[in-house]
Amino acid sequence: MDKDKKKRLAVLASGSGSNAENIIRYFKNHPKAEVVLLVSNKADAFALQRAKNLNVLAYVVPKFGFENGEALQLFQYYEADFLILAGFLLKAPQNLLEAYPDRIVNIHPALLPKYGGKGMYGMHVHEAVVAHRETESGITIHYVNEEYDAGKVIFQAKCDVLPDDTPDDVAAKVHALEYAHFPSVIEQVVTTF
Ligand code: GAR
């Protein structure tokens, strides 16, 4: 990869897309990287609207389109250098892992290896953290590999979980960490190439 070339990011999101929006805003007019498209596997994901509102191309690719290589073709067509998973709930298929080795970055709303794996996403994670009376939680930003939430960790940040905190309270603290750190960690990753 040409070190001086502006890096092209594709953001993948399945739901609300508040992280996706934060990332798009961060890289608007950024000298070294730009978000060139947003892809969702869900046609009703609010993330699509957020991208369009910010003049970023938004596509829907259903699950089978990830499996049969259609999503990969789209990323290659737009010459995406990195895939950024921001609340994306499908497992990355082998065709993407092979085409983007160490170029797929995910955020998980807990301190992996705790509270990761299949079925552990979004509010399910925060509910489990509260149910287990954890005293801290946080975020993990990591590379994506064949297993759910098991790729090499790039960055973690922690927040306190108080005895009276509800899952919503934990979600708010974790989201605040995500907004504060995810864009700058992406920036560090993509500018080292
Ligand atoms: C975020 O908290 C993200 O960490 C989590 O989904 C949320 C999406 O929120 N991701 C996972 O749980 C992945 N296993 P958003 O759509 O508002 O950005």
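Summarised in this report is the structure supplied together with it. (Residues numbered from 1 in each chain as written. Predicted model: local features only at pLDDT ≥ 70, side-chain atom pairs only at ≥ 80, totals over all residues. Heavy atoms only, no water.)

1. A few points about the site of the ligand
Here is step 1 of the chain: Neighbouring the ligand are 14 residues, the closest being Gly17, Ser18, Asn19, Gly122 and Glu178.
Here is step 2 of the chain: Asparagine 19 places a main-chain nitrogen or oxygen 2.9 Å from an oxygen atom of the ligand.
Here is step 3 of the chain: Measuring from a nitrogen atom of the ligand, one finds a side-chain N or O atom of histidine 108 at 3.4 Å.
Here is step 4 of the chain: Starting from 450 Å² of accessible surface for the ligand in isolation, the protein chains cover 91%.
Here is step 5 of the chain: Of all elements in the fold, only helix 1 (18-27), strand 5 (104-108) and helix 7 (167-191) reach the threshold of two or more residues within the shell around the ligand.
Here is step 6 of the chain: Here the residues of the shell around the ligand sort into 5 nonpolar, 8 polar and 1 charged. (Near = heavy atom within 4 Å. Polar contact = N/O pair within 3.5 Å; in protein donor to acceptor, adjacent residues only side chain to side chain. Areas by Shrake-Rupley, 256 points an atom, 1.4 Å probe, with all protein chains shown as cover. Helix = DSSP H or I, 4+ residues; strand = E, 2+ residues; numbered from the N terminus. Nonpolar A, V, L, I, M, F, W, Y, C, P; charged D, E, K, R; others polar.)

2. Notes on the pattern of salt bridges
Here is step 1 of the chain: Applying the stated criterion to the full structure yields 8 salt bridges.
Here is step 2 of the chain: Here aspartate 81 ties to lysine 5 by a salt bridge, and the two come within 3.0 Å at their closest N and O atoms. Placement of the pair is aspartate 81 in the loop between helix 4 (70-77) and strand 4 (82-85) and lysine 5 in the segment before strand 1 (7-12), with a sequence separation of 76 residues.
Here is step 3 of the chain: Residue lysine 5 is classed as partly exposed on the basis of its relative accessible area, which comes to 32%.
Here is step 4 of the chain: Each of Glu21, Arg25 and Arg50 takes part in one network of salt bridges that share partners. (Salt bridge = Lys/Arg side-chain N within 4 Å of Asp/Glu carboxyl O. Buried < 20%, exposed > 50% of the residue type's maximum accessible area, 1.4 Å probe, protein only.)

3. So, helix 4
Owing to its 3.6 residues per turn, the α-helix brings residues three or four apart onto one side.
Here is step 1 of the chain: Looking only at helix 4, the buried set comprises Ala71, Leu72, Leu74 and Phe75. One side of helix 4 carries all its buried residues, which in axial view fall inside an arc of 160 degrees. Away from its buried face, by an angle of more than 90 degrees, helix 4 presents the exposed residues Gln73 and Tyr77.
Here is step 2 of the chain: In this fold, the buried residues of helix 4 make contact with strand 1, strand 2 (33-40), strand 3 (57-60), helix 3 (63-67), strand 4 and helix 5 (94-99).
Here is step 3 of the chain: Looking at the residues trailing helix 4, positive phi occurs at glutamate 79, about 55 degrees. (Arc of directions from axis to C-beta. Contact = heavy atoms within 4.5 Å.)

4. Things to note about the packing of aromatic side chains
Here is step 1 of the chain: In total, this model carries 4 aromatic pairs according to the counting rule given.
Here is step 2 of the chain: When the centroid spacing of 5.3 Å and the interplanar angle of 45 degrees are considered together, the rings of phenylalanine 66 and phenylalanine 88 count as tilted. Within this pair, whereas phenylalanine 66 is found in helix 3, its partner phenylalanine 88 is found in the loop between strand 4 and helix 5, the two being separated by 22 residues in sequence.
Here is step 3 of the chain: A residue is classified by how much of its surface remains accessible, and phenylalanine 66, at 2% relative accessible area, is buried. (Phe/Tyr/Trp six-rings, centres within 6.5 Å; stacked < 30°, edge-to-face > 60°.)

5. Some points on the environment of lysine 118
Here is step 1 of the chain: Note that lysine 118 resides in the loop between strand 5 and helix 6 (122-131).
Here is step 2 of the chain: The class of lysine 118 is exposed, set by a relative accessible area of 69%.
Here is step 3 of the chain: Through-space distance from the C-alpha of lysine 118 to that of alanine 99 is 23 Å; in sequence the pair is 19 residues apart.

6. Examining the packing of helix 1 against helix 7
Here is step 1 of the chain: Where helix 1 contacts helix 7, the axes come no closer than 10 Å and their chain directions differ by 45 degrees. Regarding the angle of helix 1 to helix 7, the classification is oblique. As for the relative orientation of helix 1 and helix 7, their crossing is right-handed in sense. Contacts between helix 1 and helix 7 involve Ser18, Asn19, Asn22, Ile23, Tyr26 and Phe27 on the former and, on the latter, His175, Glu178, Tyr179, Phe182, Pro183, Ser184, Ile186 and Glu187. (Axes fitted to C-alpha atoms, helices over the stretch in contact; angles between N-to-C directions. Parallel < 35°, antiparallel > 145°, perpendicular 65-115°, else oblique. Left-handed = near helix turned anticlockwise from the far one by under 90°.)

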